[in-house]
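Structure at a glance
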Amino acid sequence: MSVGTGILRVPSNIKKGEVFRVQMVITHPMTPPRRDPQTGQEVPPYTLTKLDLFFNDTLVSTINMGAGVSANPFIAISMVAQDNGVVKIVYEDNRGGKWEKTAELKVS
Amino acid sequence: MRRYLILGAIVSVGAVVGGSIYAQQDLSPEEEIRLIQEFNRMLAEGVNPGEVWYEIGKDSVKKYNLDKCDFGLGPGVFKGAAAQLPRYFKDAGKVMDLETRLGWCLQKYANMSQEEVLKFVRQCWGKSGNCVSEYDALVMFLTMESNGFKISVDTKDPNVKKFYEIGKAVYQTRIGPWDFNCATCHAGKQEVRIRATRLWSADRGETGQAVYYFPKYLVRWGLPMTMHYRYAECIRQMRWPEFIPHSDLAVALSTYLYAESNGTVIKAPGIGR
Amino acid sequence: MKILLFLVSLVFASPQSVDSAIKLASQERRLVAIYFYNKNCIYCTQFEDFVLSQPQTRSALEPFIFVSVELYSEEGSRYGRKFGVVGTPSVVFYNPVEGKVIGKTFGNRPLGEFLKLITDVCKKPLC
Amino acid sequence: MDRRSFILMGASAGLFALISPRYAFASSKLEEEVRKRVGVSLSQIQQSDQISINAPTIAESGANIPVTVESTIPAERVEHLWVFADKNPVPWITDVKITPANGQVYFSTRIKMGETSNVRAIMKLKDGSHIMNFKEVKVTAGGCG
Amino acid sequence: MKRTALLLALMAFGFGLAQQKKPQKQAQQQSSYQEAIKVLVGGLSQDPRFTWKYQQDEAQIICSQYKSREAMPAQAVQKVIELSSKSFNYPQWGIYMGDWKEGKKLVESARGGRFASYGFSDNPNDKGGNCYACHLIEKGQPGGTMGPNLYQYGKRWNITKENMSTPQALESIKTVYQIIYNSWALFPCSSMPRFGYHGNLSPEDIANIVAFLLHPDSPVNK
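Rules and cut-offs
- Residues numbered from 1 in each chain as written.
- Chains lettered and ligands numbered in written order.
- Predicted model: local features only at pLDDT ≥ 70, side-chain atom pairs only at ≥ 80, totals over all residues.
- Heavy atoms only, no water.
- Helix = DSSP H or I, 4+ residues; strand = E, 2+ residues; numbered from the N terminus.
- Buried < 20%, exposed > 50% of the residue type's maximum accessible area, 1.4 Å probe, protein only.
- Contact = heavy atoms within 4.5 Å.
- Areas by Shrake-Rupley, 256 points an atom, 1.4 Å probe, with all protein chains shown as cover.
- Lys, Arg positive; Asp, Glu negative; His and termini not counted.
- Charge placed at Lys NZ, Arg CZ, Asp CG, Glu CD.
- Disulfide = S-S within 2.5 Å.
- Pairing = 2+ DSSP bridges.
- Axes fitted to C-alpha atoms, helices over the stretch in contact; angles between N-to-C directions.
- Phe/Tyr/Trp six-rings, centres within 6.5 Å; stacked < 30°, edge-to-face > 60°.
- Buried area = accessible area lost by both parts, 1.4 Å probe.
- Polar contact = N/O pair within 3.5 Å; in protein donor to acceptor, adjacent residues only side chain to side chain.
- Nonpolar A, V, L, I, M, F, W, Y, C, P; charged D, E, K, R; others polar.
- Salt bridge = Lys/Arg side-chain N within 4 Å of Asp/Glu carboxyl O.

**Quick look at the overall build of chain A**
Of regular secondary structure, chain A possesses zero helices and nine strands. When the helices and strands of chain A are placed in sequence order, the string is β-β-β-β-β-β-β-β-β. Its C-alpha atoms give chain A principal-axis dimensions of about 60 × 25 × 20 Å. Here chain A holds 108 residues, and the buried ones make up 53% of them. Considering only contacts in chain A between residues 6 or more positions apart, those separated by 24 or more positions represent 58%. Split by element, the accessible area of chain A, about 5,000 Å² in all, is 48% carbon and sulfur. Computing the positive centroid from 12 side-chain charges and the negative centroid from 10, chain A places the two 4 Å apart.

**Points about the state of the cysteines**
One pass over the structure, following the stated rule, counts four disulfides over all chains. The partner cysteine of B:Cys69 in its disulfide is B:Cys105, sulfur to sulfur 1.9 Å. Because the torsion about its S-S bond is 70 degrees, the bridge between B:Cys69 and B:Cys105 counts as right-handed. Of this pair, B:Cys69 sits in the loop between helix H3 (51-63) and strand E1 (87-89) while B:Cys105 sits in helix H4 (residues 98-109), and the two are 36 residues apart along the sequence. Of the two residues, B:Cys69 and B:Cys105, neither departs from the other in class, the shared state being buried. Note on cysteine connectivity: C:Cys41 is disulfide-linked to C:Cys44, with sulfurs 2.5 Å apart. One disulfide, between C:Cys41 and C:Cys44, carries an S-S torsion of 95 degrees and so falls in the right-handed class. Looking at C:Cys41, the relative accessible area reads 7%, which means it is buried.

**A short note on the pairing of strand E1 (residues 31-37) of chain C**
All names here are of chain C. For E1, the buried fraction is high: seven of the seven residues fall into the buried class. Residues of E1 alternate between two faces, with Leu31, Ala33, Tyr35 and Tyr37 on one and Val32, Ile34 and Phe36 on the opposite face, all of them buried. Pairing geometry for E1 and strand E2 (residues 64-70), over seven bridges, is parallel. Paired with Ile34 across the bridge in E2 is Val67.

**Examining the sheet that holds strand E5 (residues 216-218) of chain B**
For sheets, the rule is that strands pair by backbone hydrogen bonds, running either parallel or antiparallel. All names here are of chain B. Here three strands make up an open sheet; going across it, the order is E6-E5-E7 and the pairing mixed. With partners counted over all chains shown, the strands left at the sheet margins are strand E6 (223-225) and strand E7 (270-272), one partner each. Averaged over all adjacent pairs, the angle separating strand axes in this sheet is 35 degrees, with direction ignored. For E5 and E6, the ladder comprises three bridges, and the chain directions are antiparallel. Residue pairing for E6: Leu218 is matched across the bridge by Leu223.

**With respect to the packing of aromatic side chains**
Residue and element names in this part refer to chain B. A full pass over the atoms with the stated rule returns 35 aromatic pairs over all chains. An angle of 80 degrees between the planes, with centres 5.9 Å apart, marks the rings of Phe78 and Phe141 as edge-to-face. Of the two residues, Phe78 is situated in the loop between H3 and E1 and Phe141 in helix H6 (residues 134-144); the sequence distance between them amounts to 63 residues. Take Phe78: its relative accessible area is 11%, and that puts it in the buried class. The buried category is assigned to Phe141, whose relative accessible area is 7%. Ring plane angle 75 degrees and centroid distance 5.1 Å describe the contact between Tyr212 and Tyr213, whose orientation is recorded as edge-to-face. Tyr212 sits in the partly exposed class, given a relative accessible area of 27%.

**Quick look at the interface of chain C and chain E**
How big an interface is tends to be expressed through the accessible area that disappears when the partners come together. Listed by partner, the interface residues are 19 residues for chain C and 22 residues for chain E. Roughly 1,700 Å² is buried in total at the junction of chain C and chain E, and carbon and sulfur atoms are behind 61% of that figure. Ranking the residues of chain C by area buried against chain E places C:Tyr43, C:Phe50 and C:Val86 at the top, with a combined share of 33%. At the boundary of chain C with chain E, the tally comes to four residue pairs in polar contact (both at pLDDT 80 or more). In terms of residue count, the dominant contributor to the side of chain C that touches chain E is helix H3 (residues 42-52) of chain C (four residues). Per-class residue counts for the side of chain C that touches chain E are ten nonpolar, five polar and four charged.

**Description of the pattern of salt bridges**
Any two side chains of opposite charge can pair, so long as their charged atoms come close to each other. Counting across every chain of the model gives 42 salt bridges over all chains. Linking D:Asp86 and D:Arg120 is a salt bridge whose minimum nitrogen-to-oxygen distance equals 2.7 Å. One end of the pair, D:Asp86, is in the loop between strand E5 (78-85) and strand E6 (92-97); the other, D:Arg120, is in strand E8 (residues 117-125), with 34 residues separating them in the sequence. Residue D:Asp86 shares its accessibility class with D:Arg120, and that shared class is buried. In this structure, a network of salt bridges that share partners links the residues B:Glu191, B:Arg198, B:Arg204 and B:Glu206.

**Brief notes about the interface of chain E and chain B**
Tallying the contact residues gives 56 residues for chain E and 46 residues for chain B. Our enumeration of links across chain E and chain B arrives at four salt bridges. As a salt-bridge pair, E:Asp122 and B:Arg236 come within 2.4 Å of each other at their nearest N and O atoms. Mapped onto the side of chain E that touches chain B, the elements with two or more residues apiece are helix H2 (23-42) and helix H3 (58-64) of chain E. With seven residues, H2(E) is the single largest residue contributor to the side of chain E that touches chain B.

**Considering the sheet that holds strand E4 (residues 65-71) of chain D**
Judged by pairing direction, the sheet is antiparallel, and its six strands sit side by side in the order E1(A)-E2(A)-E7(A)-E7(D)-E4(D)-E2(D) without closing on themselves. Looking along the sheet, the strands with just one partner apiece sit at the ends: strand E1 (6-9) of chain A together with strand E2 (51-54) of chain D. Taken pair by pair, the neighbouring strands of this sheet meet at an average axis angle of 15 degrees, ignoring direction. Across seven bridges, the pairing between strand E2 (residues 19-26) of chain A and strand E7 (residues 74-80) of chain A is antiparallel. Of the residues in E7(A), the one forming a bridge with A:Arg21 is A:Ser78.

This is how it looks when you write it as structure tokens:
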């Protein structure tokens, strides 16, 4: 239910052409490969691997990550407010999970 | 003789000339506390992952029929409700804090037995990584609905007053094989640390600063910690037997802590280690 | 506590410093009892209340030259290091003629135990 | 990698450590990882204060360390950004493809660190050169245990 | 039932000490204290393995009554010292310098005596003092500041390889042993748990911890 739930936030009042910060949090355990202390079995990693940031379907950035990023990752990155439009993130993990989240951007 | 007396008194008052013989650390404890507060400030920037639980909680409230639940301001009124808890509830005939009341409503409106509620509460206790509990989500939702409200526990109510006094006495009670009470760590004028963690102190009037941000998102476990989970963890570290959530003990502690924090503005979720 | 220490110093007519106490003691061939305290130490207050200020303690300490010093003062930390004083309240019994520590207490000792230590220390010469 | 080249590499790394104390702390694991991810050897990357790393001096927990990387170099001139934690079992943490649409180089996240070490940011510029900077984060333990 | 009776008797005694002057207030306070204990115990697990933890001893009852140690009246302080100084047990062969390597393990373990049925892998029989929570001990190891800094503790006691087995050194070892065994005998109502008194650590364990703090070879004194 909950893995991959995300919050995507853009500022509400910005001017056209201004550089702003997109902030996001995604629920994900981000566990490295490890040996289960009780059963002694090898547990494979479970992490987000890639996150693409789009503005109106044009790629702005690609972020690759692994188990070195904290659980329930927080990411903030800058981008230019080119126009009114949609900021979209598409993210996937190493077990085939793929999600997307959008936020409306209004410029003045 | 007289000269000795006066000089003796002067020596007794003891001019503190710096350079204690114990200053062997690279960083002074005070400096370390400051740097760790800096770390906590940096953590608080940006989106708090705990807010995801609020989003989940929004749906859970409907799922568990809690729009019928009265948190003291009327059925289904959540705005500001958490700020006036704990209070006395006529329908239950008891003083309850937020989580105890939530448990009571889950029994009444979501057809859960008491055991089921306790299991529901503790589903993520002791876990880390990938545990999302709807109970945590409900508590997060209910608390965040009171963000911006000032804590205002009605201590004039005799029932509340009684629990306040019990909570205060419990805070001081030294019991168990390690002789702890709450005040062992959370009292005293001097600022001290447990390992790297700076401890808040009731004697320094920091109760408000300790409660206003609960539930607090814990980075080391990747989940929010509700107040009752906090009590349970403190009590585990104190080597007392295991804590039972929604008990009178929890209500007494909440009554004492929140009443001492009256006037502090709620701002959940917090974030920390 | 200040008042109490004043009383303590009144009773023992303390010299003003450890240096002078030791000097005086070696001239008079007597033993020194040095009391290390700290102004923020509640256990010192307790120790002064229940042990140091008691009449039995005062008479038992009569053969000694008594001096009290704040552990964190310059002189206090110097002697603290020398005598292996780790905290307060501490009392060090010192023989200046042989240059030896002959007894040491740390913590809030009960009166009986403290008196017994004084008697033990006093068995040695100079007392 | 066969044994001989391994030894060779170790030897050259050791020699390098002798010559340049700045790289003496760089563990081979990190060097391997940098070579694999960035494509050049760590020793060829110049340190530059055009990259600034904002991270705590002391962290109460290694599970979640806020790290922000910024640069005064305009986004148009930057191609890629990597973040490493020197002493982690896997030093590579994350990397970001930068485009002009980013407006400026600003990237913030929270990372895991097993022990006290450097956090290192490496940037590849459009002209093919690499620059880097690092900051030490002291990881301590908090709480009752 | 028998335990409750004992508890009440002890509490009555504790309060008698502090509140001799105002019998009415005393009765009131006593009943509210009893109620607090009832609420406290009622809010914790009744697992029969751990119910012994609810038995408050006389010293605990006295210490529970004061908001701070500064606020303790003379009689109470004296009573706690008196109760505590009778409590000591020493290792079978008397005071000795233990094995600091064993002591180090006990000092570092945070798990001693800790247990909750949920989640964590705590074992109720684990041993350890979790000393770093409150003390700075070894250089470079993060520690708390609730208790005094113990770095180079042995050096500060002037313990060297040469004088280690002299009577004076043994006297110092004994003092440190007593502080760990029952700190309340030296520092009444101190925050430090009474490790030996409650049996959390055996006399031999404590001797090993003392060695970790005082032995010239221990990293504490490097």
